[in-house]
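Overview (structure and organization)
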Amino acid sequence: MHILVLTIALAASGTALAQTPAAREAKPVKMVVLGDSLSAGLGLPAPAAFPAKLQKALKDNGIDVDMINAGVSGDTASGGRDRLDWSVPEGTEAVIVELGANDALRGVDPAVTRAALSDILGRLKARGMAVLLCGMLAPPNYGHDYADRFNAIYPELSQSFSVPLYPFFLNGVAADAKLNQADGIHPTAQGVDIIVQNMLPTVQALLGTIKGQHP
């Protein structure tokens with residue numbers, strides 16, 4: 001009888017010990033989405049915005065994230081750079097950078113956009129944060145030369161800074177009237193669902209690079 005009690009006690013102790021590391025791994029990842037109106041959720045209720053829906057999708061896949069929606073409508077890449085320090089607080093572990101759409105819409109010199117994004121990536125990496133860069137494509141109205149120069153920014157910076165690239169943030173949603181609001185630019189809630197679904201594996205891989213995280 002004493003042996004049986006001892007065996008049960010040891011088994012229970014072993015279970016508790018085995019659960020301790022798992023409990024540590026379950027600590028939420030601190031993540032920021034640094035973006036413009038596309039990720040901020042312009043025209044949508046807060047729970048329907050990209051950061052909130054991404055957070056829910058990650059949780060559904062067993063990954064807890066403390067998410068900050070640092071999207072500012074109308075922001076250019078330069079605007080994101082100028083507010084970087086207070087938009088991405090200390091302790092942040094992962095950042096999704098979604099900037100440049102307004103640069104392309106306004107015909108900003110691609111060299112200016114490149115310099116701003118380069119500064120953002122360099123500063124985030126210097127702070128030891130995992131970074132995912134979201135690409136953007138220029139509209140056709142500025143011509144092929146502008147589009148070629150602008151579109152090349154994202155893959156080239158991804159390579160030079162060794163950060164993963166999601167090639168086009170609006171993949172599967174852009175130009176589909178059913179998935180965009182009346183302005184034809186900002187995704188509907190259904191459009192956001194598609195963006196999250198398409199991007200989820202890339203985000204899971206990003207979080208997998210953070211020590212102690214196992215997506």
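All of the points below concern the structure found in this document. Model, not experiment: these values are computed from the prediction.

Time to look at the overall build of the chain. Helix and strand counts for the chain come out as ten helices and five strands. Residues counted as buried form 44% of the 215 residues belonging to the chain. Pairs at least 24 apart in sequence give 76% of the contacts found in the chain among residues at least 6 apart. For the chain, the accessible area works out to roughly 10,700 Å², and carbon and sulfur atoms hold 60% of it.

What sets the pattern is the α-helix's 3.6 residues per turn: residues three or four places apart point alike. Three or more residues of helix H9 (residues 153-161) are buried, namely Ile153, Tyr154, Leu157 and Ser158. Viewed along the axis of H9, the buried residues span an arc of 125°, placing them on a single side of the element. Along H9, the residues that are exposed and aim more than 90 degrees away from the buried face are Gln159 and Ser160. Turning to H9, the residues buried within the fold contact helix H7 (110-126), strand S4 (130-134), helix H8 (144-151) and strand S5 (165-166). Ser162 occupies a position one or two residues after H9 and carries a positive phi of about 55°.

Turning our eyes to something else, we now look at the pairing of S4. Most of S4 is tucked away: five of the five residues are buried. Judged from the two bridges that link them, S4 and S5 form a sheet pairing that is parallel. Across the sheet, Cys134 pairs through a bridge with Tyr166, a residue of S5.

Let's shift gears to the pattern of salt bridges. Summed over the entire model, instances satisfying the criterion amount to twelve salt bridges. Residue Asp66 is joined to Lys30 by a salt bridge in which the shortest nitrogen-to-oxygen separation is 3.7 Å. Pair noted here: Asp66 is in strand S2 (residues 65-71) and Lys30 is in strand S1 (residues 29-35), with a separation of 36 residues, a long-range link. Given a relative accessible area of 39%, Lys30 falls into the partly exposed group. The residue Asp64 makes a salt bridge to Lys59 at a minimum N-O spacing of 3.0 Å.

Right, let's get into the layout of surface pockets. In this structure, the largest pocket occupies an estimated 250 Å³ of space. In terms of lining residues, the largest pocket is bounded by 15 residues, among which Leu105, Met136, Leu137, Leu170 and Ile185 are the most central. A total of three residues in the lining of the largest pocket trace back to one element, the largest contributor, which is helix H6 (residues 101-106). Among the residues making up the lining of the largest pocket, the classes are represented as 13 nonpolar, two polar and no charged.

About the criteria used
Residues numbered from 1 in each chain as written. Predicted model: local features only at pLDDT ≥ 70, side-chain atom pairs only at ≥ 80, totals over all residues. Heavy atoms only, no water. Helix = DSSP H or I, 4+ residues; strand = E, 2+ residues; numbered from the N terminus. Buried < 20%, exposed > 50% of the residue type's maximum accessible area, 1.4 Å probe, protein only. Contact = heavy atoms within 4.5 Å. Areas by Shrake-Rupley, 256 points an atom, 1.4 Å probe, with all protein chains shown as cover. Arc of directions from axis to C-beta. Pairing = 2+ DSSP bridges. Salt bridge = Lys/Arg side-chain N within 4 Å of Asp/Glu carboxyl O. 1 Å grid on protein atoms, 1.4 Å probe; cavity = no way out; pocket = protein on both sides within 12 Å on 5 of 7 lines; lining within 4 Å. Points joined across faces, edges and corners; volume = space filled by probe spheres on them. Nonpolar A, V, L, I, M, F, W, Y, C, P; charged D, E, K, R; others polar.

Nothing here speaks to function; it is all geometry.
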